[in-house]
Amino acid sequence: MIAGHFGFAAAVKAAEQETPLWALMLATVWLDIVFVPLFLMGIETLEPAAGLAGGYGASIIHADYTHSLVGAVALSAAFGAAFVFQWGLRSGVVLGLVSFSHWALDLIVHRADMPLLPGDVGHFPRLGFGLWQVPQASIVIEALLVVAGAWLYGRAARSVSKAAGRRMTRADVASVLILIGGLGVLVLDVSGILG
Amino acid sequence: MVVLDDDKRNHLVVNSTAWRPSEMQFILGVIFFVLVVGLVDAGLPWPVPNGRSR
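Residues numbered from 1 in each chain as written. Chains lettered and ligands numbered in written order. Predicted model: local features only at pLDDT ≥ 70, side-chain atom pairs only at ≥ 80, totals over all residues. Heavy atoms only, no water.

Trainee: How should I be thinking about the nonpolar core in this particular structure?
Mentor: Most often, soluble globular proteins keep nonpolar side chains buried together rather than apart. In this structure, Met25(A), Leu95(A), Tyr153(A) and Ile178(A) are the most contacted members of the largest nonpolar core, which totals 51 residues. Listed by contribution, the elements that provide at least two residues to this core are helix 1 (3–15), helix 2 (21–28), helix 3 (30–40), helix 4 (69–87), helix 5 (89–109), helix 6 (135–163) and helix 7 (169–191) of chain A together with helix 1 (21–42) of chain B. At seven residues, helix 6 of chain A tops the list of elements feeding residues into this core. Ignoring anything within four residues of it in the chain, the contact list for Tyr153(A) reads Ala10(A), Lys13(A), Ala14(A), Leu21(A), Ala171(A), Ala174(A), Ser175(A), Ile178(A), Asp41(B), Leu44(B) and Trp46(B). (Core = buried A, V, L, I, M, F, W, Y, C linked by side-chain atoms within 4.5 Å. Buried < 20%, exposed > 50% of the residue type's maximum accessible area, 1.4 Å probe, protein only. Helix = DSSP H or I, 4+ residues; strand = E, 2+ residues; numbered from the N terminus. Contact = heavy atoms within 4.5 Å.)

Shown next as structure tokens:
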């Protein structure tokens, strides 16, 4: 899941208007951002799920540090804490929670590949409800997150623009960018045409 | 990237450090949403956190 996380962050912006959208967008994919260097170093890995050749939702993801429950809590807390001094406790908490929302959304779609503890210490049962096994369903959920996020964001952006006596153009452009960008990323993710 | 293991021609293995399509979507998504959408959004008259500058 990539696009759905961005849609969720846009929806949060509608409710938590004091927190900058760019920071919310960064927060919602923070776990994956940390994953990338670990992946390139071979510390966290991917493999096709049994009987599949990879692609959208067809991988077992061994992100045993960034996507373990405790690891996600720690990374999210660190991300939120980094913004407390600049933007205050509320925005810091919001950013930390949005960062952790990544784990919660991934829990729905991942096959059972997310450990409780970093490095899968203790070898407890791995977590994941496995909605990716029904890719059509996960695609619909991602698309709904994008559409809902763009709509909620657009409604809030138009409202603050109107209250400030501004034109609606920028609000409309931003919400359309979220919608088109989100659906575009989803199409690229599902089709794998960049590969 | 899924590649054929030299020793087991019929066995699919993964080169875990190879570039994968999903990484490109991810990088493009981050750049687009954080920088492009974030920049457009920054021009809107949102309330400022704690009255501090962004």
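Trainee: Looking at this structure, I do not really get the pairing of strand 1 (residues 45–48) of chain A. What am I missing?
Mentor: Residues and elements named next belong to chain A. Of the two faces of strand 1, the one lined by Leu46 and Pro48 is fully buried and the one lined by Thr45 and Glu47 carries no buried residue. Bridging between strand 1 and strand 2 (residues 59–62) involves four bridges; their strand directions are antiparallel. By the bridge assignment for strand 2, leucine 46 is matched with isoleucine 61. (Pairing = 2+ DSSP bridges.)

Trainee: Sorry, what's going on with helix 1 of chain A here?
Mentor: An α-helical segment advances 3.6 residues per turn. Residues three or four places apart therefore align on the same side. Of all 13 residues that make up helix 1 of chain A, ten are buried, and the element is covered over most of its length. Inspection of helix 1 of chain A places Ala3(A), Gly4(A), His5(A), Phe6(A), Gly7(A), Ala9(A), Ala10(A), Val12(A), Lys13(A) and Ala14(A) among the buried residues, and these make up the whole buried set.

Trainee: Looking at this model, I keep getting lost on the interface of chain B and chain A. Mind explaining?
Mentor: Chain B puts 35 residues into the contact, and the matching count from chain A is 50 residues. Summed over both partners, the interface of chain B with chain A buries about 3700 Å², with 73% contributed by carbon and sulfur atoms. Across the contact surface, chain B and chain A share zero salt bridges. Viewed at the interface, chain A and chain B are joined by four residue pairs in polar contact (both at pLDDT 80 or more). Top element by residues in the side of chain B that touches chain A is helix 1 of chain B. It accounts for 18 residues. (Buried area = accessible area lost by both parts, 1.4 Å probe. Salt bridge = Lys/Arg side-chain N within 4 Å of Asp/Glu carboxyl O. Polar contact = N/O pair within 3.5 Å; in protein donor to acceptor, adjacent residues only side chain to side chain.)

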